[in-house]
Amino acid sequence: MDTFLTYTVFGLSTAAIYAVAASGLVLTYTTSGIFNFAHGAIGMFAAFVYWQLRFQWGWPTPVALVVVLFVLAPLFGAILEVGIMRGLEKASEAVRVVVAVAVLSGLVGLALWIWPPNTARPFSGFYPGSKIHIAGAAVTAHQLISMGCAIAVAIGLALILRRTRAGADMRAVVDNRALLVVFGGRPDRVAALSWAIGASLAALAGILIAPALQLSVLPLTLLVVNAYAAAIIGRLSRLPATFVGALIIGLAEAYGVGYLSSRGGFFGGIRPAIPVLILFVALLALPHARLRGQLSRRSLDWFPSPSMSRAVASAGALVVAALVLGPHLGPANLFTANRALALGIVALSLVPLVGYAGQVALCQMSFAGIGALAMANTAPGGSPLGLVAAFVVAAVAGAIVALPALRLRGIYLALATAAFAVALDRWVFIQDAIRLFGRKIPLFGIYSVNVARPRIGGVSFGSNRAQLVLLAMVFALFALLVVAIRRSAYGRMLLAMRESPAACATLGLRLTVTKLSVFALSAGMAGVGGALLGGVHTAVAADTFSFFQTLPVLLLAVVGGIGTVNGAFLGAVLLGLFQAVARIFPSTNNVINVLPGLAGVGLARNPGGLASDLHMAVAGLRAGRPRRRPAESAEVPVEWIGIDRAITPADVAALDAALGMSSAR
Amino acid sequence: MSTLAAPVETALGPILELRGIHAGYHGIEVVSGVDLSVLPGEIYALVGPNGAGKSTTVAVAACLHAPTAGDVLLGGRVVNGARPQDLCHLGVCLVPEGRSVFPNLSVHENLWLATHAGVALDEIESRAYGRFPVLGTRRAQLAGTLSGGEQQMLALARAVAVNPAVLLVDELSMGLAPVIIAELYGFIREIASAGVTVVLVEQFARTVLGLADRAAVMSNGKIVGAGRPDEVEGVLEAAYLGAL
Ligand SMILES: Nc1ncnc2c1ncn2[C@@H]1O[C@H](COP(=O)(O)OP(=O)(O)OP(=O)(O)O)[C@@H](O)[C@H]1O
Ligand SMILES: [Mg+2]
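Calculation rules
Per chain, the residues get numbers from 1 upward, laid out in the order the sequence is written. In the order they appear in the text, chains get letters beginning with A and ligands get numbers beginning with 1. Side-chain atom pairs in this predicted model are given and counted only at pLDDT of 80 or more, local residue features only at pLDDT of at least 70, and totals for whole chains, interfaces and linings cover all residues. Excluded from the side-chain calculation are hydrogens and water; included are all heavy atoms of the structure. Only DSSP runs of H or I with at least four residues qualify as helices, and only runs of E with at least two residues qualify as strands; both kinds are numbered from the N terminus onward. Whether two residues touch is decided by their heavy atoms; if any such pair falls within 4.5 Å, the residues are in contact. Any residue with a non-hydrogen atom lying within 4 Å of a molecule or strand is treated as near it. Here a polar contact means two N or O atoms within 3.5 Å. Within protein one must be a hydrogen donor candidate and the other an acceptor candidate, and residues neighboring in sequence count only if both atoms are side-chain atoms. Strands were regarded as paired on the criterion that DSSP finds at least two bridges between them. Axis lines are fitted through C-alpha atoms, for helices just across the contact stretch, and the angle between N-to-C directions can take any value from 0 to 180 degrees. Any carboxyl oxygen of Asp or Glu that lies within 4 Å of a side-chain nitrogen of Lys or Arg is treated as forming a salt bridge with it. Think of it in three bands: with a 1.4 Å probe and only protein chains considered, a residue is buried below 20% of the maximum accessible area for its type, exposed above 50%, and partly exposed in between. Coordinating donors are taken as N, O and S atoms within 2.8 Å of the metal, stretched to 3.2 Å for Na, K and Ca; because water is absent from the atoms, sites can appear incomplete. Where each domain starts and ends follows an automatic or database-derived domain assignment. Buried area is understood as the total, over both parts, of accessible area removed when two parts are fitted together, assessed with a 1.4 Å probe.

**Here we look at the overall build of chain A**
Here comes step 1: Scanning chain A from N- to C-terminus turns up 24 helices and eight strands.
Here comes step 2: Counting contacts in chain A only where the partners sit at least 6 residues apart, residues at least 24 apart contribute 76% of the total.

**Looking at unusual backbone geometry**
Residue and element names in this part refer to chain B.
Here comes step 1: With phi around 60 degrees, Cys 63 is a residue other than glycine that occupies positive phi space.
Here comes step 2: As for its position among the elements, Cys 63 is in the loop between helix H1 (54-61) and strand S4 (69-74).
Here comes step 3: With phi around 50 degrees, Asn 220 is a residue other than glycine that occupies positive phi space.
Here comes step 4: Tracing the backbone through its elements, the reader meets Asn 220 in the loop between strand S9 (214-219) and strand S10 (222-227).

**So, the site of ligand 1**
Residues and elements named next belong to chain B.
Here comes step 1: Surveying the vicinity of ligand 1 reveals 13 residues, the closest of which are Asn 50, Lys 54, Ser 55, Thr 56 and Glu 97.
Here comes step 2: In this structure, an oxygen atom belonging to ligand 1 sits 3.3 Å away from a side-chain N or O atom of Glu 171.
Here comes step 3: Here the shell around ligand 1 gets three residues from one element, more than from any other, and that element is H1.

**Topic: the sheet that holds S4 of chain B**
Residue and element names in this part refer to chain B.
Here comes step 1: Read from one edge of the open sheet, four strands run S2-S1-S4-S5, paired in antiparallel fashion. Across the chains shown, the open sheet's two edge strands, defined by having one partner strand only, are strand S2 (28-38) and strand S5 (77-78).
Here comes step 2: Two strands pair when backbone bridges link them, and strand S1 (residues 16-25) and S4 are joined in this way by five bridges, in the antiparallel orientation. Among the inter-strand pairings, Leu 18 is bridged to a residue of S4, identified as Val 72.
Here comes step 3: Along the sheet, H1 contacts S1, S2 and S4; its crossing angle with S1, the most-contacted strand, is approximately 120 degrees.

**Observations concerning the pattern of salt bridges**
Side chains that carry opposite charge are capable of pairing whenever their charged atoms lie near each other.
All names here are of chain B.
Here comes step 1: Going through the model one piece at a time under the given rule, you end up with 13 salt bridges over all chains.
Here comes step 2: Residue Glu 42 pairs with Arg 214 through a salt bridge whose shortest N-O separation is 2.9 Å. Within this pair, whereas Glu 42 is found in the loop between S2 and strand S3 (43-47), its partner Arg 214 is found in strand S9, the two being separated by 172 residues in sequence.
Here comes step 3: Arg 214 sits in the buried class, given a relative accessible area of 18%.

**Comments concerning the coordination of the magnesium ion (ligand 2)**
Here comes step 1: For the magnesium ion (ligand 2), the protein coordination sphere consists of Ser 55 of chain B (OG) and Glu 97 of chain B (OE), at 1.9 to 2.4 Å. Of this pair, Ser 55 of chain B sits in helix H1 while Glu 97 of chain B is found in the loop between strand S6 (92-95) and helix H3 (107-113), placing the two residues 42 residues apart along the sequence.

**As for the domain arrangement of chain A**
In many analyses, interface size is given as the accessible surface area lost on bringing the parts together.
Residue and element names in this part refer to chain A.
Here comes step 1: Splitting chain A by domain gives domain 1 (2-115 + 136-284) and domain 2 (308-620).
Here comes step 2: The C-alpha-based centres of domain 1 and domain 2 are spaced at 31 Å.
Here comes step 3: Summed over both sides, the interface of domain 1 with domain 2 buries roughly 3,700 Å², with 80% coming from carbon and sulfur.
Here comes step 4: At the boundary of domain 1 and domain 2, one finds zero salt bridges.
Here comes step 5: For the pair domain 1 and domain 2, the interface holds zero residue pairs in polar contact (both at pLDDT 80 or more).

Following this line, the structure appears as structure tokens:
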């Protein structure tokens, strides 16, 4: 009984923290329509800043808290909204997700830069050591404070939303954004305010949860991700339900710790994955009509359809370039190029899925990992059948993920696939083996797995140089496949799915088949990429294929131009260049970690990606002048005759007087 | 009550004027060269069949929708591109099409949001409840649960309570019983006689023409006739038939 109480207390205090984080998420989402994937990263970053102030510089706790919670975090949230998210009003859902993911990635890179890992950073909770006993269970002061914070946040939010005009504004924006403008309100300010509050709540959650584990970047970022499940249970719109969701997750996790971890076996390791599994189930259980983000937006993205002969020529040129360049590259450069090309294949696999079909999946490297495992397990000698197995097994996994996720779109799909990836990271990949159909299939475990380099028809691609040629050939082959898809009726179907899911829904079964098949195809291609990546490294560990590894690949592919094969290639080139620069100038390593994030944020300006920029520039040169895509609507400056400043009440009065109006203002 | 068929031109000229307005959505033009001039204190009716571009025209007048060409003038000043909330502060108040209240906010909170226009809450509430006592009894009720007529009263009350100089009302009568329409039109007449300029957009022309001082008929994005109500009656039929 005592242990049960102890676990309950533990669960309640974690639930409190999830509730704080999740309510911030719900607030920002409802008022701005943008799901803040970087919410956890903001909490992580704030925890580090607080550590810096409180423990490194020895500031008094209240001062450090006030500075982080009421100055820095809100400021950051507001700047994020005004500077980045506001520009996304007209962007497609895919671009919105990617930009938010880019912010996450940038914050993680920045934190790793400022606070290098592998340093002990003691982070004690509030009033360490003090505890009280309630009915035989010890409750630490920190746990009590966590619960108190959740209650305070609940009351505070209720007061803001019900008792202040700013709160009424927030609810009005949720009701009818355009109407608030007619009332003379400012929805943009409402969004900035809610992002400021949201960031502050993320920061509070980060600071509260940090003592429970070592202060380290990735676990902290993901731990607050657990709060996403609570937010989804609250259907991203209802705060009370969100709090209930947080309770469910906190308690489930605590009892999982208590009663599952003592058991061995495959399911003994499920505990860390509980919140993401709940997230996955909650997403699937959401009623259809509640899902927002089903609006069909006019996308600004760019999907050229190149001619087949041109594609064949480019593909051939790539292989020839690999043949010619290979001998001139040193071992280090060769390795970098190989790695970039292998990741480029994964990036290419995103083109039909994210680019054409507009389905943002965040688990592509998980499929790559599955491919690597398939290769390692079926072809230890490097038989080409291993690559086939990699494709097939990953494709099946892709279809299995897609099946429950069929009706999810936009952020919901992104979240579900992220949950899948994190569940694999935390639970499946790190197991030594899994039993499937009575066979024992070795997984990564905590060590690395050897992946053979392919040997095809007696030709060994064992050397790094031969690897380059093989990778170029596979990339070229898949590129041709993707171009062929773009030109086919199937490709038009994918684009239609992106533009108007509603119109496509009338096609019924065909939509289901299309969606499943594009997921499977994309996962299969990623699987082959992963198998080849394993060969490049010769031995790979689970963390090569973690959720966080997907982010730079996705970001750079989107930055290159997710709508085109060229874009995926450009993304691979960028990856390779970043790595080469980081290797030659080790001091730049940290900047490089931040770059994908920064580049992704730049998408807010041009969702078509670099490939479309280059295309425009080249077309412009041909036409003799730079060509620009027309702006959506021209900004006309305020043109008060004789007044070129903001309008003051005095102006209003003057105007009223001049017009002889009845209004007494 | 304003009974002049055509109000005398004041020295100041029109209070609201549209000059050569072109506007559209996603590159498709739905308003092509509209000129409109509304004099201070008059009731001006803008009528026309479905899809004529009336709502788009008033959205342009309230600076909610940017025109592709043409000017919006308020009191002789060009206000193109002004932010809608500035226009709201300057006394141009739009009651958009549909039920223009926040359904999940109470009556009281709906009026609270009207304070964005710069008028104090108690002033707004006393005016609104004074004119429509039924709203006063529904203060804490969610606006979405009010009857259609009550919602439209709330929308009008909110707009009038902030002292507008120009009131733009889009489809006041939509979906309402004739007796309620009559009451709301009575209210419009009252505020116009207090000096407020009112632009009424309606699809069904007959009733509103009985109320208006002047009217314009719109069809296919163009003004096809303008003048005193009896003057535009003639073009009405053609406009509605033409749209069929
Ligand atoms: N947001 C929008 N996006 C695209 N097209 C629009 C939009 N709003 C209006 N339109 C189109 O513009 C045209 C004019 O619409 P508008 O609403 O101005 O007409 P209206 O005269 O007010 O019609 P009604 O009497 O039915 O309200 C219509 O063909 C309509 O389809
Ligand atoms: Mg209309």
